[in-house]
Amino acid sequence: MKAILEFLKNWTLPSAIVVGASLYYLFSMIPALDGFSAVASPVFDAVLPWFLFVILFTTFLKIDYKKLRLAKWHLWISITQIVMVLVLVGCILYFHVKGDDLVLMECILACVIGPCAAASSVVTAKLGGSLESMTTYTFVSNLLTAIMIPLFFPLIDQQVEMSFVSAFLMIMWKVCVILVVPMALAYLVKCFLPKVQQWVASKTDLSFYLWGCSLSIVTGITFRNIMNSNAPLSLLGTIAVVSFVLCVIQFSVGRNIGHFFGCTVEGGQALGQKNTAFAIWVSSAYINPLAAVGPGCYIIWQNAINSLELYHHRTPPHTDD
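What you are looking at is a predicted structure, and each value in this text was computed from that prediction instead of being measured.

1. Some words on the layout of surface pockets
- Taken as a whole, the largest pocket spans an internal volume of roughly 860 Å³.
- Lining the largest pocket are 34 residues, with L48, L52, N275, A277 and F278 positioned closest to its centre.
- Among the elements that take part in the lining of the largest pocket, helix α10 (residues 206-227) stands out by supplying eight residues, more than any other.
- Of the residues that constitute the lining of the largest pocket, the class distribution is 22 nonpolar, eight polar and four charged.

2. Looking at the packing of aromatic side chains
- Applying the stated rule across the entire model yields five aromatic pairs.
- Ring geometry for Y94 versus F95: centroids 5.0 Å apart, planes at 90 degrees, classification edge-to-face. Residues Y94 and F95 agree in their burial class; the two are exposed.
- When the ring of F244 is compared with that of W301, the centres are 5.2 Å apart and the planes differ by 70 degrees; the resulting orientation is edge-to-face. You can see F244 sitting in helix α11 (residues 233-259) and its partner W301 sitting in helix α14 (residues 293-314), a full 57 residues away along the chain.
- Classification of F244 by relative accessible area gives partly exposed; the value is 39%.
- Take W301: its relative accessible area is 27%, and that puts it in the partly exposed class.
- Positioned above the aromatic ring of W281, the side-chain terminus of K174 is 4.5 Å from the ring centre.

3. Let's talk about the packing of helix α5 (residues 99-113) against α14
- Viewed as axis vectors pointing N to C, α5 and α14 meet at an angle of 55 degrees, and their least axial separation amounts to 8 Å. Classified by the interaxial angle, the pair formed by α5 and α14 is oblique. In the packing of α5 onto α14, the handedness of the crossing is right-handed. Residues C107, A110 and C111 of α5 pack against G294, P295 and Y298 of α14.
- Across the contact of α5 with α14, the residue classes break down as five nonpolar, one polar and no charged.

4. A look at the nonpolar core
- Core analysis: the biggest nonpolar cluster contains 55 residues, and F60, V85, L109 and F153 have the highest contact counts within it.
- Elements represented by at least two residues in this core include exactly α3 (34-60), α4 (72-94), α5, α7 (131-156), α8 (164-192), α11, α13 (276-286) and α14.
- Take this core: its biggest share by element is ten residues, from α5.
- Counting 19 residues, the second-largest nonpolar core is a separate cluster that includes L13, A16, V265 and L310.

5. Some thoughts on the state of the cysteines
- Using the criterion set out here, one finds zero disulfides in the structure.
- With no disulfide partner, C263 has as its closest neighbouring cysteine sulfur the one in C116, 13 Å distant.
- With relative accessibility at 14%, the residue C263 sits in the buried group.

6. Quick look at empty space enclosed by the protein
- Within the structure shown, the criterion is met by two cavities of 30 Å³ or more.
- By volume, the largest cavity amounts to about 60 Å³.
- Lining the largest cavity are C116, A118, N142, I171, K174, V175, I178, L179, N275 and F278.
- Considering every element that reaches the lining of the largest cavity, the biggest residue donor is α8, with five residues.

7. Remarks on unusual backbone geometry
- The backbone phi angle of H96 is positive, close to 50 degrees, even though this residue is not glycine.
- Note that H96 resides in the loop between α4 and α5.

8. Things to note about the environment of A231
- Within the secondary structure, A231 sits in the loop between α10 and α11.
- Separated by 62 residues in the primary sequence, A231 and V293 have C-alpha atoms spaced 9.3 Å apart.
- Those residues in contact with A231 that sit more than four places away from it in its chain are L236 and L290.

9. Considerations on helix α2 (residues 12-29)
- In a regular helix each residue adds 1.5 Å, so 18 residues correspond to 26 Å; α2 covers 26 Å between its end C-alpha atoms and thus fits that length.
- Where α2 is concerned, the buried positions are T12, L13, S15, A16, I17, G20, A21, Y24 and F27.

Calculation rules
- Residues numbered from 1 in each chain as written.
- Predicted model: local features only at pLDDT ≥ 70, side-chain atom pairs only at ≥ 80, totals over all residues.
- Heavy atoms only, no water.
- 1 Å grid on protein atoms, 1.4 Å probe; cavity = no way out; pocket = protein on both sides within 12 Å on 5 of 7 lines; lining within 4 Å.
- Points joined across faces, edges and corners; volume = space filled by probe spheres on them.
- Helix = DSSP H or I, 4+ residues; strand = E, 2+ residues; numbered from the N terminus.
- Nonpolar A, V, L, I, M, F, W, Y, C, P; charged D, E, K, R; others polar.
- Phe/Tyr/Trp six-rings, centres within 6.5 Å; stacked < 30°, edge-to-face > 60°.
- Buried < 20%, exposed > 50% of the residue type's maximum accessible area, 1.4 Å probe, protein only.
- Lys NZ or Arg CZ within 6 Å of the ring centre and 35° of its normal.
- Axes fitted to C-alpha atoms, helices over the stretch in contact; angles between N-to-C directions.
- Parallel < 35°, antiparallel > 145°, perpendicular 65-115°, else oblique.
- Left-handed = near helix turned anticlockwise from the far one by under 90°.
- Contact = heavy atoms within 4.5 Å.
- Core = buried A, V, L, I, M, F, W, Y, C linked by side-chain atoms within 4.5 Å.
- Disulfide = S-S within 2.5 Å.
- Expected span 1.5 Å × (residues − 1).

No statement about biological role is implied by the geometric values presented.
Dropping the structure here:
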């Protein structure tokens, strides 16, 4: 039992993915569980945002709010994301991409234009990066996404009907609920309930394990969406491969940019770890719903990379005697 617990501690994220995928297939393959599955599915969908809220609340309790400030690497990561989005949109428009090729390009765009994941601060802290700098960039990234989506989505899909103001305000409202509210609550707890703050902060890995639980739910939902997409297997396979390559590229480019500013971990997480739940929502709401398969695959790859980074971080380098 001790060995199992140690394995789960060291490989929390892959274990969470396997558990989520296994539970989905268990309930989808056994007809007797159809009734429970139908009841549980909307419950999981409703519980997931609260999981994220608690994760961020416990993370923000550890923040030194005086250190929340803009950094040079924030600018360069933002510029890189903008350039990638411009290249993708330009290619779609210039080559008049249609059909399955357009779906594939929209999958890529959804994974690039999506904001930095709110929970990226959790991994950054585990890897020894700056929690405050990462949290600051999360707000920058969400603001940038809120500007780019209503600007570019109507260009690539003429059927998209959105005004800039309404789309911007809708996205910013979601950002407020996801980020601002738990941060404000954490700040109030730090000011008026310091003993509670100290107790939660003493549980060093609490937010990480909560994130592991939420990842199981997200994985199950992701597999459900992929299996219900009715897309050809060839297209699904292509999307899976392309999303993997894109994930590696974004993490690598982000880490290389961060390297120049002594923020390698932060740079990789900022550009590579995406708010895939948001990307899935915005794809389903504003462009081809099949484009949501891209972020669905991306969430598996980004957490596989996070797991490898955590493994290398906790494994001391070998030295010759």
